[in-house]
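Now for the letters of each chain:
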Amino acid sequence: MHKTSASIAAGVICVLLLAACGGGGGSSKKASLKGSAGASTSAACQGAPVRGGNLVYERQAAAETLNPLQIINGNGDIFAYNQIYSGLVRSDPNGGSRLEPSLAQRWTVSPDGKTYTFTLRPNLKFSNGQPVTAEDVAWSLNNFGNPKVNANMASVAVGYDKATVLNPTTVQVKLKQPVAAFLYNISIWPAFILPKDLVEKQGSAFYKHPVGTGPFMVKEYVKGSHLTMVRNPYYWEKGKPYLDSIRYNFATDSNSRILALRSGAAQIMDGLPFSQIASIQANKNLRVQSAKVPLFMGLWLNHKNVKEFKDINVRRAIQYALNRQQMKQAIFHGLGQIPNSVLMGFDMDAGPNRVKPYPYDVAKAKQLMAASKYPKGFSVTLQYPSGYDFYTQMGLLLQQELDAIGIKVKLQETDPATGTSNFLAMKYDMTFPFASFTSDVTVPDEYADFVGNAANGLNGFFSGWKDPAINKEIDTFTTTLSNSERVKQWAKIQGDLLSQTPVVNVMNLPFVNAHSATTCGTAIDALGSDHLEDTWFAGGKGGAAATTAATETTTG
Amino acid sequence: MVRYLVHRLALAVVVLFGLLVATFFMIHLVPGDPVKIVLGVHATPTAVAHVRHELNLDRPLLTQFWLYMTHVLQGHFGYAFTIGAPVGEVLSQRFGATAALLTYAMVIALVVGIPLAIWAARRPNGVADNSIRLGTTFVFAMPAFWLGLMLALIFGLELKWFPVSGYETGIAGFFKTLTLPAITLGLPLATVVVRTLRSSLLSVMQSEYIEAARSRGLTERRVVGKHALRNSMMNTLTILSVNVGFLIGASIVVEQVFQIPGLGTLLLEAVEKRDYQLVQALALLAGTAVVLASLAADVIQAYLDPRVRLAQQ
């Protein structure tokens, strides 16, 4: 009796210890992904797409509302909108900043750039089978353009005047001024097309069981838990979507998401931590996918609070002092991209030959500091969001590297909400303001305006910096219609901004997802959004039935 | 007894009021503007001002507090604007999962803890006793998130007995999805049960009536089960009621690890986004649970043991 009890107790301890050893390890292999488009194709995905299957997707951010005009939870909401609704135009599903027709079959732009005429695809239907009318389109666009209705994203409706119905398949949009990014602005969620009659009749109840023109439609939505969607039989792309259903499981904890993927309960997860890439790559049943998106480690300098940042020599010295190659390897496991811009990387950006990135050159940085008004250096506080290992590591590296040129950095970890608030109130010296810092559109217009337009009330996007010459260049850029002209203008602006360094782009980052090897067609567009209408399972099978799939265990 | 009860209830109300004041001012004084967090950098100043006004955030803090108190007393807990639903509705959606989890964890704590305590107490300092004590120290020292992940790794990923995360309703869904989280929560609590019950049992086993029971020739099972255990359980129940607070705290972590859509994950989201009214309601709810549990323990003890209630007079 005694012996048994002792050995059971000892046995329990052993199991726990073993688990501790087994669980903590993981592969020590360095991660490397070839190219930024993400080496994710597996042999199983070579054939033609197969119809059927239920996909379970572990998602970091929850969908908190399905109302595209009242977004409250960033990507959590956006990725749900993108499955349920669609707009007149869309980003190329395979990445890049090219736009392509979606609900609109084609469009024309007047020579003054102020009138857009859209022709709708014939026989478009909402997911409940009712036809999409020109009235629905004009009404939805007018909501987009109304800052009272589209309060949360009013800035993307810049220059909008009104939409009118010309005939049952044609809608005309008038702008108050030429807006170069207009088509980009209406390619995203606030301009998605909704059924006017249903929304007006049902009010906020509509968004509990919304009707849209996206590839999927809502079957079950449990806030804080999951969102299950099934194939929209009226989706305009013939034969798509391939999947019968998709289920978004909301799982803020990255370990939970990884475990769900590894156990086979889920087939895709987003927000793979950089530190976990190697161990996922070591698993032959899983694939890591990285996609180039406008996401970056933006280090913001407060020109109002810190007089030293007004000195261009100091700002440039910071650029030269950063050992980005080391950061790329040590923190981002080789997945970061060294920037040649102060903003997030855009498709339109000029290459490193045209706009040269700052090399790592401590001697040059020291020279610049010596030439500045502050040769003896100074002290600043760096705020960064808590809960992200890569920010902590980045903080430590920056502290070390800036110390070498006489800038003493005090690290201050704040919870993301506090950090963002301090940023918006300009209560910081240096900060990484957002846990995830991205542009909403694939062209630079939004952020160029945010940072460089002194008239927008954003105070150089809360940096306190302004430059009338660059401001003028940006104004011209955002209202020029010719794309080739814009590319030339942008190269100049990109170079001027980099030379002035109002703020610092430390590193461009990809979106890193992981999925099972038999999950195919997982390309991500230039905004990081999945196009699950293109996704299919090799062999036609993925998870179990979507309603219970979160807890089933099937091998991927 | 009635006087004692009134006294205790009055104290409970004071404690809850204090909690309300503390959470209100703490969450409001922490930096972070909920409106800007939710609306983001794109919102027009007019839109921000409009929402601030709707939430009364443009009024002086004391006025906000007064408004909040009067609303709470009328049973209105406000609007969880980061979720877009009334607080009451949000809480009722999330309450079930947490209540089920906590109950299940409590049952596991008792089912695991009581037999181990008896086993250990039967031969103090024996091999079983020492192994159990070593084991409980070990389990108690493990952080909930780590224990949870380990269980998910072993029983979810390797053995595939349970899903690694998620939540389902229904009897089968309940056992399938809540077993691992309940073990994660219940095991540390079981160690508390083992330790208190073991020491109470040891002192009770040395009392004269146990001696008397043994001398009457009762079986050991009967002596322990019928006489010793009953007299030792009281302390354990008191300790357990004190641990309701610990349980609620740990459930936040466990819900996060296993992705259970309960009140714990809700609280985390609410704090992250500074959803003031939701945070306040959740703190009040958790506080009420703790206060009620300790009240219940006190009352039961007073009812069973006259010394407790007489001491108050």
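Residues numbered from 1 in each chain as written. Chains lettered and ligands numbered in written order. Predicted model: local features only at pLDDT ≥ 70, side-chain atom pairs only at ≥ 80, totals over all residues.

Colleague: Please provide a residue-by-residue account of the overall build of chain A, values included.
Modeller: If you tally the helices and strands in chain A, you get 16 helices and 19 strands. For chain A, the residues scored as buried account for 54% of the 556 residues in total. (Helix = DSSP H or I, 4+ residues; strand = E, 2+ residues; numbered from the N terminus. Buried ≥ 20, exposed ≤ 12 C-beta atoms within 10 Å, placed from the backbone.)

Colleague: Residue-level account of the overall build of chain B, with values.
Modeller: Summing up its helical and strand segments, chain B has 14 helices and two strands in all. Taking the principal axes of the C-alpha coordinates as reference, chain B spans close to 85 × 60 × 30 Å. Relative to all contacts within chain B whose residues are 6 or more apart in sequence, the contacts with residues 24 or more apart total 73%. (Contact = placed C-beta atoms within 7 Å.)

Colleague: Any details on the confidence of the model for chain B? Residues and values, ideally.
Modeller: Overall, the predicted model of chain B reaches an average pLDDT of 86, with 97% of residues at or above 70. For this predicted complex, the interface confidence score (ipTM) comes to 0.74, while the overall pTM stands at 0.82. (pLDDT = per-residue confidence, 0-100.)

Colleague: Residue-level account of the interface of chain A and chain B, with values.
Modeller: Taken together, the contacts link 47 residues of chain A with 53 residues of chain B. Listing elements by their share of the side of chain A that touches chain B, those giving two or more residues are helix H1 (2-24), helix H6 (254-263) and helix H12 (416-424) of chain A. Per-element accounting of the side of chain A that touches chain B gives the leading share, 11 residues, to H1(A). Looking at side-chain class alone, the side of chain A that touches chain B contains 23 nonpolar, 20 polar and four charged residues. (Nonpolar A, V, L, I, M, F, W, Y, C, P; charged D, E, K, R; others polar.)

Colleague: Tell me about the pairing of strand E5 (residues 115-120) of chain A, and name the residues and values.
Modeller: Residues and elements named next belong to chain A. Side chains Tyr116, Phe118 and Leu120 project from E5 onto a buried face, and the interleaved Thr115, Thr117 and Thr119 project onto a face without burial. Where strand E4 (residues 104-109) meets E5, five bridges bridge the pair, whose relative direction is antiparallel. Bridge pairing links Ala104 to Leu120 in E5. Note: E5 against strand E7 (residues 170-175), five bridges, orientation antiparallel. Paired with Phe118 across the strands is Val171, a residue of E7. (Pairing = 2+ DSSP bridges.)

Colleague: Describe the packing of helix H11 (residues 244-258) of chain B against helix H12 (residues 263-272) of chain B, listing the residues and the values that go with them.
Modeller: Residues and elements named next belong to chain B. Running from N to C, H11 and H12 point in directions that differ by 90 degrees, and their axes come no closer than 7 Å. Comparing their axes, H12 and H11 come out roughly perpendicular. The residues of H12 that touch H11, namely those facing Ser251, Ile252, Glu255 and Gln256, are Gly264, Thr265, Leu267 and Leu268. The class makeup of the residues in the contact of H11 with H12 is three nonpolar, four polar and one charged. (Axes fitted to C-alpha atoms, helices over the stretch in contact; angles between N-to-C directions. Parallel < 35°, antiparallel > 145°, perpendicular 65-115°, else oblique.)

Colleague: Please give an account of the pairing of strand E13 (residues 378-385) of chain A that cites residues and values.
Modeller: Residue and element names in this part refer to chain A. Sheet analysis places E13 next to strand E14 (residues 407-414), joined by eight bridges and oriented parallel. Opposite Pro385, over in E14, you have Thr414 as the bridge partner. You can see the chain leave E13, run along helix H11 (residues 389-403) and come back into E14, and the turn it takes is right-handed. Bridge analysis of E13 against strand E15 (residues 430-431) gives two bridges, and the strand direction is parallel. (Right-handed = clockwise from strand over helix to strand, strands pointing away.)

Colleague: A description of the packing of helix H9 (residues 208-215) of chain B against helix H10 (residues 220-242) of chain B should follow, citing residues and the corresponding values.
Modeller: Residue and element names in this part refer to chain B. Running from N to C, H9 and H10 point in directions that differ by 150 degrees, and their axes come no closer than 11 Å. When the interaxial angle is binned, H9 and H10 end up roughly antiparallel. As for how H9 packs across H10, the hand of that crossing is right-handed. On H10, the residues touching Tyr209, Ile210, Ala213 and Arg214 of H9 are Val223, His227 and Ala228. When grouped by side-chain class, the residues that make up the contact of H9 with H10 number five nonpolar, one polar and one charged. (Left-handed = near helix turned anticlockwise from the far one by under 90°.)

Colleague: Quick rundown of the sheet that holds E4(A)? Include the residues and the values.
Modeller: The pairing of strands in a sheet comes from backbone hydrogen bonds and takes either a parallel or an antiparallel form. Residues and elements named next belong to chain A. The antiparallel open sheet is built from four strands, whose spatial order is E4-E5-E7-E6. Strand pairing shows two members of the sheet lacking a second neighbour, E4 and strand E6 (160-167), which therefore form its edges. The sheet shows a mean angle of 20 degrees between the axes of neighbouring strands, taken without regard to direction. With respect to the sheet, helix H3 (residues 134-145) is in contact with E5, E6 and E7, its orientation differing from that of E6 by roughly 175 degrees.

Colleague: Go over the nonpolar core with me, naming the residues and quoting the values.
Modeller: Here is a general trend for soluble globular proteins: nonpolar side chains tend to be buried in one another's company. Ranked by internal contacts, the top residues of the largest apolar core, which has 235 residues, are Ile84(A), Ala317(A), Ala105(B) and Leu282(B). Top contributing element to this core by residue count: helix H5 (residues 87-122) of chain B, with 13 residues. Excluding its chain neighbours within four sequence positions, the residues that come into contact with Ala317(A) are Ala365(A), Leu368(A), Met369(A), Ser372(A) and Ile405(A). (Core = buried A, V, L, I, M, F, W, Y, C linked by C-beta atoms within 7 Å.)

Colleague: I'd like a description of unusual backbone geometry, backed by residues and values.
Modeller: Cis geometry marks the peptide bond from Lys240(A) to Pro241(A), where omega comes out at -5 degrees. Within the secondary structure, Pro241(A) sits in the loop between strand E9 (226-231) and strand E10 (245-250). Phi is positive for Phe462(A), close to 65 degrees, though the residue is something other than glycine. The residue Phe462(A) is located in helix H14 (residues 459-462) in this model. You can call Phe462(A) buried: it has 23 C-beta atoms within 10 Å. If you check the backbone angles, Gln259(B) has positive phi at about 55 degrees while not being a glycine. Relative to the helices and strands, Gln259(B) is located in the loop between H11 and H12. Judged by the 29 C-beta atoms lying within 10 Å of it, Gln259(B) is buried.

Colleague: Break down the confidence of the model for chain A for me, citing the residues and quoting the values.
Modeller: As a note on interpretation, predicted positions should not be read in detail where pLDDT is low. Residues and elements named next belong to chain A. Confidence along chain A averages 88 in pLDDT terms, with 90% of residues attaining 70 or more. Note on residues 1-40: pLDDT under 50 across the span, and 59 contacts to partners over four residues away in sequence or across chains. The model gives residues 543-556 a pLDDT under 50, and that stretch makes 50 contacts with residues more than four places away or in other chains.

Colleague: Help me get a handle on helix H10 (residues 362-371) of chain A, residues and values and all.
Modeller: Residue and element names in this part refer to chain A. Along H10, the residues that are buried comprise Ala365, Leu368 and Met369. Taken around the axis of H10, the buried residues stretch over an arc of 100 degrees, which confines them to a single face. Those residues of H10 that are buried are in contact with helix H8 (312-321). (Arc of directions from axis to C-beta.)

Colleague: Lay out the environment of Ile239(B) in plain terms, naming residues and giving numbers.
Modeller: Residues and elements named next belong to chain B. Among the secondary structure elements, Ile239 is positioned in helix H10. Judged by local crowding, Ile239 falls into the partly exposed class, with 17 C-beta atoms found within 10 Å. Through-space distance from the C-alpha of Ile239 to that of Arg133 is 18 Å; in sequence the pair is 106 residues apart. Apart from residues lying up to four places away in sequence, Ile239 is in contact with Val192 and Thr196.

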